[in-house]
Structure formats: C-alpha cells, structure tokens
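Residue-level listing of the chains:
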Amino acid sequence: MYLLRFLILSFAIVFFCNKVNAQSVATIDTTKSIKFKYKQIIIPTVLIGIGVVGLESESLKDLNLIIRDEVMEDIDKKLTIDDVMQYSPAFSVYALNALNVKGKNNLKDRSIVLATSFLFVAATVRTIKKTSSEQRPDGSDLDSFPSGHTATAFAGAEFMYQEYKDQSIWYGIAGYSVATATGLFRVYNNKHWLTDVAAGAGIGILCTKAAYWLQPFITKHIFTSSKDTKTTSLFSPYYNGHQIGGTYVVRF
C-alpha cells in the first residue's frame, strides 16, 4: 500500500504541475529557442532528489525494505510486461499520428526530440548506475539506481504529453499511467527499490524537457535539409536497463 499510494501521488503531482506550468512547444520554430523556466524542473528535480537521498537515508532505506517485504508476500510470479511497457508511451505518439491524430510536431521534429531524449536517458542512467553501484533488491547485480525502465517510460510519457496536451488531457493521463505502472512492475518484480523508481521518473521527465529545449538548435545546426530533398531518416535509440542500442532508418 505504501508503494501504490506514493506512486499515485507522485503521478498526480507531476501531471498536475505539467498541466499548470505547460509551456508552448507547438510546432517548433528552428529560428527561436524555447524559454527555460525553472518551474519546469521542480518536480523532476524533487523526484531525483528523493532517489539520491534514498541512497544514504536510513528512513528511506527502511521504507524501501518495508515496501519490498510487502510486495514479496503477494508475488506469485514475475511479470516481464514492463520490458515492453517502458516504450509504449513514446511509440503511442507515432501510432496516434498514423491514425491521423496529429500532434504538435511533424515526423522529423518529433523524432529528433525523442531520439535526443532517449540518448540523454541512456547516457544519464548508465553513468549513474556505474557510479552509484547500488545493489538490486534481488541481489542480481549492482545496477539498481536509478531505474532505467522507469526513466524510459516517463521520458515517453512526457513526450506524449507535450505532443498531445492541446488535443486532450487524456493522452497525457494515459502516458503517465503507463509510466507509473512500469515503475510499479519494476518494484513488483523485485528489480528496483522505490527510490530507484522515483529517481528514474525524474530523470525521464527532465531528459524529455531538455530535448525540447535543445530541439531548435539541433534541427538548425545538425539536421538541416534542403526543401528539394526527398530523403528522410530516423534514428531511434533504446535502453533496456542493461543494453544500449538503436535503429536507423533511411527513406528515399
């Protein structure tokens, strides 16, 4: 119950603050930069802070153990659905677009944002895991902090929210619900502590926000293209908690 209440509350706070402090990230003008406002980073920073403090705080460590023990009492078998769920919010954006539900940005701009976000997530999570060397609840390795699955899921949820927040609030609710469920499954499967999940959520949200802030610069200076060219390309990186990779597609 501690876990469920905490994650539901975190989800509600994150989504509400995103709604209240929503910034204009409509179809991006590459000649301008998106204004940075500190309010945008309050919630992800708090979530990351909870995770960092949890590495040393005896109170949070005790809470982690209480939640783990409660969950372990009810576990019949592990559910690996979180391996797929972590990518669902991000790729739902492309599925919706294919169904003619238009988001904020075109395919190129949207893909640049997602690729940048996922690269940030992969680099950040991998670096922190190797630095913190926190043991997983099941003792399988020292890659517990932070949760890579949760970071990927929340990065996708923020991406979905930004792309479709002007269409309907329910798209954002759906994305964050799936991301929250992914975090729950990571704890349920005894792969992460609650504080790992909190930090992963904050990292994911912050990485996507950073991707939107940097998108105009990246498009202008890296992905410049002529109006006459008909060639398009897409790079989609992934990180599954252990491996980093990607898919590169070129269409002529």
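Residues numbered from 1 in each chain as written. Predicted model: local features only at pLDDT ≥ 70, side-chain atom pairs only at ≥ 80, totals over all residues. Heavy atoms only, no water.

Q: For this particular structure, what's the right way to read the packing of aromatic side chains?
A: Any two aromatic rings considered together are summarised by their centre-to-centre distance and by the angle between their planes. Under the definition given, this model contains six aromatic pairs. Consider the rings of Tyr94 and Phe159, whose centres lie 6.5 Å apart with planes at 35°: the pair is tilted. Separated by 65 residues along the polypeptide, Tyr94 in helix 5 (residues 88–98) and Phe159 in helix 7 (residues 148–164) bring together distant segments of the chain. Each member of the pair, Tyr94 as well as Phe159, is classed as buried. A centroid spacing of 5.7 Å and a plane angle of 65° characterise the contact between Phe154 and Tyr176, whose relative ring orientation is edge-to-face. A residue pair is termed long-range when its members are at least 10 positions apart, and Phe154 in helix 7 and Tyr176 in helix 8 (residues 169–188) qualify at 22 residues. By the burial criterion, Phe154 is buried, and Tyr176 matches it. Ring-pair connections join several aromatic residues into one group, and the members of that group are Tyr87, Phe91, Tyr94 and Phe159. (Phe/Tyr/Trp six-rings, centres within 6.5 Å; stacked < 30°, edge-to-face > 60°. Helix = DSSP H or I, 4+ residues; strand = E, 2+ residues; numbered from the N terminus. Buried < 20%, exposed > 50% of the residue type's maximum accessible area, 1.4 Å probe, protein only.)

Q: Sorry, what's going on with the packing of helix 2 (residues 42–54) against helix 9 (residues 194–221) here?
A: Each packed pair of helices is defined by two parameters, the angle between the axes and the distance between the axes. Contact geometry for helix 2 and helix 9: axes closest at 7 Å, N-to-C directions at 145°. For the element pair helix 2 and helix 9, the recorded crossing hand is left-handed. Packed against helix 2, whose contacting residues are Pro44, Leu47, Ile48, Ile50, Gly51 and Gly54, the element helix 9 presents Thr195, Ala198, Ala199, Ala201, Gly202, Ile203, Ile205 and Leu206 at the interface. For the contact of helix 2 with helix 9, the class distribution of residues is 10 nonpolar, four polar and no charged. (Axes fitted to C-alpha atoms, helices over the stretch in contact; angles between N-to-C directions. Left-handed = near helix turned anticlockwise from the far one by under 90°. Contact = heavy atoms within 4.5 Å. Nonpolar A, V, L, I, M, F, W, Y, C, P; charged D, E, K, R; others polar.)

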